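# Report on the structure
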Amino acid sequence: DQDSLALSSFIVDCVELLARKNGPYLDLNLCSFGKLDLSLGGESKSLECFAVNLLNAELRLKRSEGELPGNSGYDADINFIGVAVPELFEQSFEIDRVHTSLSDSKIWIGLKTRLHWLAAGFYLERSRLSKNIPESREAENRAIEQVKLTIKSLSK
């Protein structure tokens, strides 16, 4: 599993380099660039930007799996994901609202399924790290809800 962690870390670093090179056009850094600009080029650009943002968050979650809390790399990744997950959901709602023709698109359904899976992983990680029992249970419940939504998306 160390190979996949190294690969995840390498890819995240490459994505960050691309973000610096290409600027906000790709909307790679959710914390800096904020909301997805749906006026940049229609459905395909919206999906492209959303997919890259999602991949960035997925790879950061994968990279954080090999780290311990307190490690600056781990903390940076988990904090990024904590911001990215709600922002990605907001972006998905906005894409659904603006591009209604995507609702039956297999690519879009697949991306939203991956988002639910990412959220489940994040909430499980949050539950694992919490020292507060009610907070831990709440995170577990949120993770279970996201797993249910993942299964529902897979059945489409």
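Heads up: the structure comes first, above all this text.
A brief look at the structure comes next. These numbers were taken from a predicted model, which means no experiment stands behind them.

### Here we look at the pattern of salt bridges
- Taken as a whole and assessed by the stated rule, the structure comprises six salt bridges.
- The shortest N-O distance in the salt bridge between Asp-77 and Arg-63 comes to 2.7 Å. Linking Asp-77 in helix 4 (residues 72-98) with Arg-63 in helix 3 (residues 42-64), this pair joins segments that are 14 residues apart in sequence. Of the two residues, Asp-77 and Arg-63, both sit in the buried class.
- Across the pair Glu-94 and Arg-97 runs a salt bridge whose closest N-O atoms are separated by 2.4 Å. A residue pair is termed a helical-turn pair when its members lie 3 or 4 positions apart in one helix, as Glu-94 and Arg-97 do in helix 4 at three residues.
- Looking at Arg-97, the relative accessible area reads 56%, which means it is exposed.

### Comments concerning the nonpolar core
- Counting residues in each nonpolar core, the largest one holds 23 residues, and the members touching the most others are Phe-50, Val-85, Leu-88 and Leu-118.
- For this core, the secondary structure elements donating two or more residues are helix 3, helix 4 and helix 5 (106-129).
- Here this core gets nine residues from one element, more than from any other, and that element is helix 4.

### Remarks on the packing of aromatic side chains
- In the structure shown here, the tally under the stated rule is three aromatic pairs.
- Seen from their ring centres, Phe-50 and Trp-108 are 5.1 Å apart, and the 70° between their planes marks the pair as edge-to-face. In this pair, Phe-50 is assigned in helix 3 and Trp-108 in helix 5, connecting sequence segments 58 residues apart.
- Look at Phe-50 and you get buried, because its relative accessible area is 0%.
- Under the relative-accessibility criterion, Trp-108 is labelled buried at 0%.
- An angle of 35° between the planes, with centres 6.3 Å apart, marks the rings of Phe-89 and Phe-93 as tilted. Of this pair, Phe-89 and Phe-93 both sit in helix 4, separated by four residues, roughly a single helical turn.
- Over the ring of Phe-80 we find Arg-60, and its NZ or CZ is 4.0 Å from the ring centre.

### Description of the packing of helix 5 against helix 6 (residues 133-154)
- The N-to-C vectors of helix 5 and helix 6 enclose an angle of 160°; their axes lie 8 Å apart at closest approach. Taken as axis vectors, helix 5 and helix 6 run roughly antiparallel relative to one another. Considering only the axes of helix 5 and helix 6, their crossing is left-handed. On helix 6, the residues that touch Ile-109, Thr-113, His-116, Trp-117, Ala-119, Ala-120, Tyr-123, Leu-124, Arg-126 and Ser-127 of helix 5 are Ser-136, Ala-139, Glu-140, Arg-142, Ala-143, Gln-146, Val-147, Leu-149, Thr-150, Ser-153 and Leu-154.
- Tallied by class, the residues present in the contact of helix 5 with helix 6 amount to eleven nonpolar, seven polar and three charged.

How each quantity is defined
Residues numbered from 1 in each chain as written. Predicted model: local features only at pLDDT ≥ 70, side-chain atom pairs only at ≥ 80, totals over all residues. Heavy atoms only, no water. Salt bridge = Lys/Arg side-chain N within 4 Å of Asp/Glu carboxyl O. Helix = DSSP H or I, 4+ residues; strand = E, 2+ residues; numbered from the N terminus. Buried < 20%, exposed > 50% of the residue type's maximum accessible area, 1.4 Å probe, protein only. Core = buried A, V, L, I, M, F, W, Y, C linked by side-chain atoms within 4.5 Å. Phe/Tyr/Trp six-rings, centres within 6.5 Å; stacked < 30°, edge-to-face > 60°. Lys NZ or Arg CZ within 6 Å of the ring centre and 35° of its normal. Axes fitted to C-alpha atoms, helices over the stretch in contact; angles between N-to-C directions. Parallel < 35°, antiparallel > 145°, perpendicular 65-115°, else oblique. Left-handed = near helix turned anticlockwise from the far one by under 90°. Contact = heavy atoms within 4.5 Å. Nonpolar A, V, L, I, M, F, W, Y, C, P; charged D, E, K, R; others polar.

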